[in-house]
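So you can see what is in the structure, the chains are spelled out below.
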Amino acid sequence: MPAAVDQCPQGHDTQTASDRDAQGHCRKCKAERERRRRVSTAMKLTLIKAFEDVGVRFEDDDGRPVAPTDVVRQLVEIYQQ
Ligand SMILES: [Zn+2]
């Protein structure tokens, strides 16, 4: 049996309660959240450019324009799952 180790809600090992914030998330969670935000921004710019370069138009099923950021936001959510 491995020694019992405190973990945050995301399963990161934490040494002491002071490693975690009021929501129980640790420093690794915080770092990962910030990294995901940076990735999201980079992905948004890269994807919009890539779609536009190949002539993709952002429209819903009824042909109405959809903001590229809405499309990208959904892509990012899928990517992060
Ligand atoms: Zn964590």
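Given the structure is predicted, the values throughout are model-derived calculations rather than measurements.

Procedures and definitions
Residues numbered from 1 in each chain as written. Predicted model: local features only at pLDDT ≥ 70, side-chain atom pairs only at ≥ 80, totals over all residues. Helix = DSSP H or I, 4+ residues; strand = E, 2+ residues; numbered from the N terminus. Rg over C-alpha atoms; globule rule 2.2 N^0.38 Å. Buried ≥ 20, exposed ≤ 12 C-beta atoms within 10 Å, placed from the backbone. Contact = placed C-beta atoms within 7 Å. Expected span 1.5 Å × (residues − 1). Axes fitted to C-alpha atoms, helices over the stretch in contact; angles between N-to-C directions. Parallel < 35°, antiparallel > 145°, perpendicular 65-115°, else oblique. Left-handed = near helix turned anticlockwise from the far one by under 90°. pLDDT = per-residue confidence, 0-100.

**Examining the overall build of the chain**
- Each helix and strand counted, the chain has two helices and two strands in total.
- Helices and strands in the chain line up, N terminus first, as β-β-α-α.
- The globule rule puts the C-alpha radius of gyration for 81 residues at 12 Å, and the 19 Å found for the chain is more than 25% above it.
- Classification of the 81 residues of the chain by burial places 4% in the buried group.
- When contacts within the chain are restricted to residue pairs at least 6 apart in sequence, long-range pairs at least 24 apart make up 22% of them.

**Here's the deal with helix H2 (residues 68-80)**
- Here H2 contains 13 residues, and its C-alpha end-to-end distance of 18 Å stays within 8% of the 18 Å for a straight helix at 1.5 Å per residue.
- Counted residue by residue, H2 has one buried out of 13 residues, so it is predominantly exposed.

**Remarks on the environment of Gly-24**
- Here Gly-24 is to be found in the loop between strand S2 (13-14) and helix H1 (27-53).
- In this structure, the C-alpha to C-alpha distance between Gly-24 and Gln-10, residues 14 residues apart in sequence, is 9.3 Å.
- Those residues in contact with Gly-24 that lie beyond four places of it in its chain are Cys-8 and Pro-9.

**Thoughts on the environment of Arg-73**
- Position of Arg-73 among the secondary structure elements: in helix H2.
- With 12 C-beta atoms packed within 10 Å, Arg-73 lands in the exposed category.
- Taking C-alpha positions, Arg-73 is 24 Å from Pro-9, a pair spaced 64 residues apart along the chain.

**A word on the packing of H1 against H2**
- Following both chains from N to C, one finds H1 and H2 inclined at 130°, their axes separated by 10 Å at the closest point. The angle between H1 and H2 falls in the class oblique. The interaxial crossing formed by H1 with H2 has right-handed handedness. Touching Arg-36, Ser-40, Met-43, Lys-44, Leu-47 and Ile-48 of H1 are Pro-68, Thr-69, Val-72, Leu-75, Val-76 and Gln-80, all from H2.

**Digging into H1**
- Look at H1: 39 Å from first C-alpha to last across 27 residues, which is about the 39 Å you get at 1.5 Å a residue.
- Across the 27 residues that make up H1, only a small minority, zero, are buried.
- Positioned one or two residues after H1, Gly-55 has a phi angle of 85°, which is positive.

**Examining the confidence of the model for the chain**
- Averaged over every residue, the pLDDT of the chain is 81; residues scoring 70 or more account for 94%.
- By mean pLDDT, the top-scoring element of the chain is S2 (89), and the lowest-scoring one is H2 (79).

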